[in-house]
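A closer look at the structure
Listed below, chain by chain, are the residues.
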Amino acid sequence: MRPPTRRRSPQTGHRPGAYVAMAAAAGLLAAGCAGGGSDAPASRRTPAPPAALLQSSAEPGPHPFTASTVLTSDSSARHRPSPRAAAGAAAAAGAPLRTVDGATPGLYGGTQSLASCDVEQQVRFLTADTAKAEAFARAAGVSRTGLAQWLRGLTPVMLRADTHVAGHGYREGDAVPYQAVLQAGTAVLVDAYGSPRVRCTDGNPLRTPAEGRLPATQRGRAWDGYRPERVIAVHPTVRTLESLILVNVVTDTWLERKVGTGGEQARKPAVPPAYDPEERHVADGPVPDGAVSPRRRPRRAPGRVAPAGARRAGGADAAAVSEVPGPAGAPRRPCRTPRRPTGRNPTGFWSGRWERTGDGAASRRLPLSA
């Protein structure tokens, strides 16, 4: 008799083909994980830094906020490469920028009585469109209600050097940021800290760039005389300014303009800088040797400086003055030998001197005759 054949349950039985399919799927999954481990996901890749837009003085920016409010153009501000700058090594794009303090004389230019921008027209352009006014205020970092007052507190000037700024264009109801290099001669509005805040050609708000270096790539058409090593960035001052020392672009002389005015109060500075505008361009570097502004008190030369009482020949205080070294690199400062009080002297000073004993562990007081 034939023994009964045991059948596998359809729920628990496994066919050899199933094992093969599972093994193949596992192999493909492992291969896919191993192959993609070296490549970062597209969403995690570092985006390329934005290129700096080269904007000439009369060119409207991308997506302008308003129409142009420029009143004057600086034809003399097409800065010519100076011999010192031409002889120096050219800095490649992407190198750190030279920052210039907003109170530097000659950083901006202007005319005697005519402003470079129409501030009131700028106010009318923005207040006529609520959406633009709100987007502008957000980009500039001011309140929407105080926008008109803030604009009227700015000073219209013209750039005297190619300047790196963070601009903002108006698109789809919002301010879109972009990096830009503004050509010398561009009419701008600066705040009380000497920083450019509005480009008058298109009404776009400006801010100080976060990066202290020029982007490695630029877009747009370069103008004659453009060189990346001569591009500057304006550093706002710590305290607010009362006036700006400008260069009169017509006569090439110094001009002082009160902050928040359009030129009606411009005048020749009472104490001008100790160098002429043609002797130094703001894009060339620091003030030349010997050109110290008379408004600043020169530092005293390092050396031995005695108190007033010790300057008398043979004075009693002369022998008590000695030079004491300060920190590394600091000038030596005078020091007077201290006098020690004593109970027997009604004046509170003792009439002797201290001397260490031979072992150096103790000291003793000696009279002046010793």
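For the structure, see preceding data.
What you see is a predicted model; the values in this text were computed from it and never measured.

**Re the overall build of the chain**
Each helix and strand counted, the chain has five helices and 17 strands in total. By residue count, 37% of the 370 residues in the chain fall in the buried class. Expressed as a percentage of contacts within the chain between residues at least 6 apart in sequence, the contacts between residues at least 24 apart total 67%. Accessible area for the chain stands at about 22,600 Å²; split by element, carbon and sulfur atoms hold 54% of it.

**Some details on helix α3 (residues 119-127)**
Turning to α3, its buried residues number three or more, namely Val119, Gln122, Val123 and Leu126. Buried residues along α3 cover an arc of 100° about the axis, so they all sit on one side. Contacts made by the buried residues of α3 are with α4 (130-140), α5 (147-152), β7 (187-190) and β8 (196-199). Capping of α3 at its N-terminal end is provided by Asp118; its side-chain oxygen lies 3.3 Å from the backbone amide nitrogen of Glu120.

**Details of the state of the cysteines**
Within this structure, the stated rule accounts for one disulfide. One disulfide in the model links Cys117 with Cys200; its S-S distance is 1.9 Å. Residues Cys117 and Cys200 are joined through a disulfide that is right-handed, its torsion about the S-S bond being 95°. Of this pair, Cys117 sits in the loop between β3 (108-110) and α3 while Cys200 sits in the loop between β8 and β9 (204-207), and the two are 83 residues apart along the sequence. The exposure class assigned to Cys200 is buried, which follows from its relative accessible area of 0%.

**Observations concerning the side chain of Thr201**
Turning to its location among the elements, Thr201 is positioned in the loop between β8 and β9. Exposure remark for Thr201: the relative accessible area of 8% places this residue in the buried category. Within the structure, Thr201 has its side chain in polar contact with the backbone oxygen of Ser57 (distance 3.2 Å). Excluding residues within four positions of it along the chain, Thr201 makes contact with Ser57, Ala58, Glu59, Pro60, Ala67, Ser68, Val70 and Ala187.

**Looking at the side chain of Thr104**
Tracing the backbone shows Thr104 in the loop between β2 (98-101) and β3. A relative accessible area of 16% places Thr104 in the buried class. In this structure the side chain of Thr104 is engaged in a polar contact, spanning 2.8 Å, whose partner is the backbone oxygen of Asp101. Setting aside residues up to four positions removed in sequence, Thr104 forms contacts with Ile245 and Arg280.

**Some points on the environment of Leu151**
Structurally, Leu151 can be placed in helix α5. For Leu151, a relative accessible area of 1% translates into the label buried. C-alpha separation for the pair Leu151 and Asp191, spaced 40 residues apart in sequence, amounts to 8.8 Å. Excluding anything up to four places from it in sequence, Leu151 contacts Val119, Gln122, Val123, Leu126, Phe136 and Val198.

**What about unusual backbone geometry?**
Within the chain, His63 stands out as a residue other than glycine whose phi angle is a positive 55°. Within the element layout of this structure, His63 appears in the loop between β1 (52-55) and α2 (83-87). Residue Glu172 is not a glycine yet carries a positive backbone phi of 55°. Along the chain, the position of Glu172 falls in the loop between β5 (163-171) and β6 (174-182). The class for Glu172 is exposed, based on a relative accessible area of 78%.

**Examining the environment of Gln122**
Positionally, Gln122 belongs in helix α3. The sequence separation of Gln122 and Cys200 amounts to 78 residues, and the corresponding C-alpha distance is 8.1 Å. What Gln122 contacts, discounting residues up to four positions off in sequence, is Thr66, Thr69, Leu151, Val198 and Gly203. Within the structure, Gln122 has its side chain in polar contact with the side chain of Thr66 (distance 3.2 Å).

**Points about a negative patch on the surface**
On the surface, Asp252, Asp276, Glu278 and Glu279 cluster together into a patch of negative charge. Looking at the element boundaries, Glu278 is found in the loop between β13 (253-258) and β14 (321-324).

**Let's talk about the packing of aromatic side chains**
The final tally for this structure, using the stated rule, is five aromatic pairs. Plain terms: the ring middles of Phe65 and Tyr170 are 5.2 Å apart, the flat faces sit at 50° to each other, and that makes the pair tilted. Placement of Phe65 in the loop between β1 and α2 and of Tyr170 in strand β5 is noted, with a sequence separation of 105 residues between them. Exposure remark for Phe65: the relative accessible area of 1% places this residue in the buried category. Look at Tyr170 and you get buried, because its relative accessible area is 17%. Their ring planes at 70° and their centres at 5.3 Å tell us that Trp223 and Tyr226 sit as a pair that is edge-to-face. For Trp223, a relative accessible area of 11% corresponds to the buried category.

Conventions and cut-offs
- Residues numbered from 1 in each chain as written.
- Predicted model: local features only at pLDDT ≥ 70, side-chain atom pairs only at ≥ 80, totals over all residues.
- Heavy atoms only, no water.
- Helix = DSSP H or I, 4+ residues; strand = E, 2+ residues; numbered from the N terminus.
- Buried < 20%, exposed > 50% of the residue type's maximum accessible area, 1.4 Å probe, protein only.
- Contact = heavy atoms within 4.5 Å.
- Areas by Shrake-Rupley, 256 points an atom, 1.4 Å probe, with all protein chains shown as cover.
- Arc of directions from axis to C-beta.
- Polar contact = N/O pair within 3.5 Å; in protein donor to acceptor, adjacent residues only side chain to side chain.
- Disulfide = S-S within 2.5 Å.
- Patch = residues over 30% accessible without salt bridge, like charges linked within 9 Å, V, L, I, M, F, W, Y side chains within 5 Å.
- Salt bridge = Lys/Arg side-chain N within 4 Å of Asp/Glu carboxyl O.
- Lys, Arg positive; Asp, Glu negative; His and termini not counted.
- Charge placed at Lys NZ, Arg CZ, Asp CG, Glu CD.
- Phe/Tyr/Trp six-rings, centres within 6.5 Å; stacked < 30°, edge-to-face > 60°.

Don't take any of this as a statement about function, it's just geometry.
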